[in-house]
Amino acid sequence: MKKDTHPEYHEITVQMTDGTTFTTRSTWGSPGDTLKLDVDPTSHPAWTGVHRLLDSGGQLAKFNKRFSGIGLKN
């Protein structure tokens, strides 16, 4: 391998949304840093099967109002 072309590979701690932690090797951060996850397999709908539709700032209502006339008609 060429020298000085690859980032430093070191151990970090990953903290899941439920508070559990594990140690892994990564190029992220500095040795000993903690990476706190916002979404992980215990909270993501793709793995949990629970889908929540969040309306941040009324964007969903705005979309529904704008496109309410479009659809299949019998």
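Use the structure listed above.
Overview of the structure. (Residues numbered from 1 in each chain as written. Predicted model: local features only at pLDDT ≥ 70, side-chain atom pairs only at ≥ 80, totals over all residues. Heavy atoms only, no water.)

1. Some words on unusual backbone geometry
Quick note on the threshold: Every helix listed is a DSSP run of H or I at least four residues long, and every strand listed is a run of E at least two residues long, numbered separately from the N terminus.
Of note, Asp4 is a non-glycine position whose phi angle comes to about 65°, a positive value. As for its position among the elements, Asp4 is in the segment before strand E1 (10-15).

2. A short note on the side chain of His10
The criterion, for reference: The cut-offs for exposure are 20% and 50% of the maximum accessible area for each residue type, with area from a 1.4 Å probe on protein chains only; residues under the lower value are buried, those over the upper are exposed, and the others partly exposed. In this analysis, two residues are considered to be in contact whenever any of their non-hydrogen atoms come within 4.5 Å of each other.
Along the chain, the position of His10 falls in strand E1. We classify His10 as buried; its relative accessible area is 6%. The residues touching His10, leaving out its near neighbours within four places in the chain, are Thr24, Arg25, Ser26, Thr27, Trp28, Gly29, Ser30 and Pro31.

3. A few points about the pairing of E1
The two faces of a sheet get side chains in turn, since along a regular strand they alternate between them. Condition: The rule for pairing is simple: two strands pair if DSSP sees at least two bridges between them.
Side chains His10, Ile12 and Val14 project from E1 onto a buried face, and the interleaved Glu11, Thr13 and Gln15 project onto a face without burial. In textbook terms, the turn of a hairpin is the stretch between consecutive antiparallel strands, and for E1 and strand E2 (residues 21-26) this stretch comprises five residues, one of which, Gly19, has a positive phi near 95°. Where E1 and strand E3 (residues 34-36) come together, three bridges link them in parallel fashion. Its bridge partner being in E3, Thr13 is matched across the sheet by Thr34.

4. Describing the pairing of E2
With six bridges joining them, E1 and E2 adopt antiparallel strand pairing. Across the sheet, residue Val14 finds its bridge partner in E2, namely Phe22.

5. What to know about the sheet that holds E3
Note the following rule: Note on geometry: axes are lines fitted to C-alpha atoms, helical ones only across the stretch in contact, with angles between N-to-C directions running from 0 to 180 degrees.
Ordered by their spatial adjacency, three strands build an open sheet running E2-E1-E3, and the pairing between neighbours is mixed. Looking at which strands have only one partner, the edges of the open sheet turn out to be E2 and E3. Within the sheet, the average angular offset between the axes of one strand and its neighbour, ignoring direction, is 35°.

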